[in-house]
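A closer look at the structure
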Amino acid sequence: MEGTMHADAKIRAETGTESGPRGPGCSLRHFACEQNLLSRPDGSASFMQGVAEKSREQLIRNTCEAVVLGALHPRTSITVVLQVISDAGSLLACCLNAACMALVDAGVPMRALFCGVTCTLGADGTLVLDPTAKQEKEARAVLTFALDSVEQKLLMSTTKGLYSDAELQQCLAAAQAASQHVFRFYRESLQRRYSKS
């Protein structure tokens, strides 16, 4: 996943080259994350990972609202600002991951963390996790899922293209397995950040 969410910060790259749940084509690209980048907001994060703007915004908003414990802070507004610096594919998943890390960095109470995972289906039915922009363009179907960290419960999905029910279930299962790699990366990134303090 390689859509950069913020530019002017030192970025730490992590290897995410482990094979995914469905073979060598289903591996995740490298992750990188930096928190506390902006001076004025309560929280900020840059998340690097290799739909229309308003639609994407609404999907991200709905996902955040599904996990944020807003009842703990009534009459409080939370604003998440995401800045797309580049788009090398899996942009919505990258935005979801950046939003989650920014909420964590701000100390916003959530019932669970969440992550985004995108996969594509080729003309021959080949499933690719974390596709590049080129792979998305050439795919028969592009599916993005938002999953929670507690039960890998589906919080949101958006799809484009043609696929069968069996292929949808196959993509969801692959995304749920891949989400464990993303959540592990979150934990490691947070441990590094707070072990320095």
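The structure contained in this document is the topic of the report that follows. What you are looking at is a predicted structure, and each value in this text was computed from that prediction instead of being measured. (Residues numbered from 1 in each chain as written. Predicted model: local features only at pLDDT ≥ 70, side-chain atom pairs only at ≥ 80, totals over all residues. Heavy atoms only, no water.)

1. Notes on the overall build of the chain
Counting secondary structure elements, the chain contains 4 helices and 7 strands. Evaluated residue by residue, the chain yields a buried proportion of 46% over its 197 residues. When the accessible area of the chain is evaluated, it comes to approximately 10100 Å², of which 51% is carbon and sulfur surface. (Helix = DSSP H or I, 4+ residues; strand = E, 2+ residues; numbered from the N terminus. Buried < 20%, exposed > 50% of the residue type's maximum accessible area, 1.4 Å probe, protein only. Areas by Shrake-Rupley, 256 points an atom, 1.4 Å probe, with all protein chains shown as cover.)

2. Describing the sheet that holds strand β4 (residues 114-121)
Read across the sheet, 4 strands follow the order β5-β4-β6-β7 without closing on themselves; strand pairing throughout is antiparallel. The open sheet has two free edges, formed respectively by β5 (127-129) and β7 (154-161), since each of these has just one partner strand. On average, adjacent strands in this sheet sit at an angle of 20° to one another, irrespective of strand direction. Inspection of the sheet shows strand β6 (residues 141-148) paired to β7 by 7 bridges, in the antiparallel sense. Within the sheet, the bridge partner assigned to A146 lies in β7 and is M156. Each of β4, β6 and β7 is contacted by helix α2 (residues 91-106), which is oriented at about 170° to β4, the strand it contacts most. (Pairing = 2+ DSSP bridges. Axes fitted to C-alpha atoms, helices over the stretch in contact; angles between N-to-C directions. Contact = heavy atoms within 4.5 Å.)

3. Some points on the packing of aromatic side chains
Summed over all chains, the structure comprises 1 aromatic pair. When the centroid spacing of 5.8 Å and the interplanar angle of 75° are considered together, the rings of F183 and Y186 count as edge-to-face. Of this pair, F183 and Y186 both sit in helix α4 (residues 165-196), 3 residues apart, which is roughly one turn of that helix. (Phe/Tyr/Trp six-rings, centres within 6.5 Å; stacked < 30°, edge-to-face > 60°.)

4. Focus on the side chain of D148
Its location among the elements puts D148 in strand β6. D148 sits in the buried class, given a relative accessible area of 1%. A polar side-chain atom of D148 sits 3.0 Å from the main-chain amide nitrogen of K153. Beyond its immediate stretch of four places on either side in the chain, D148 contacts R111, A112, L113, F114, K153, L155 and F183. (Polar contact = N/O pair within 3.5 Å; in protein donor to acceptor, adjacent residues only side chain to side chain.)

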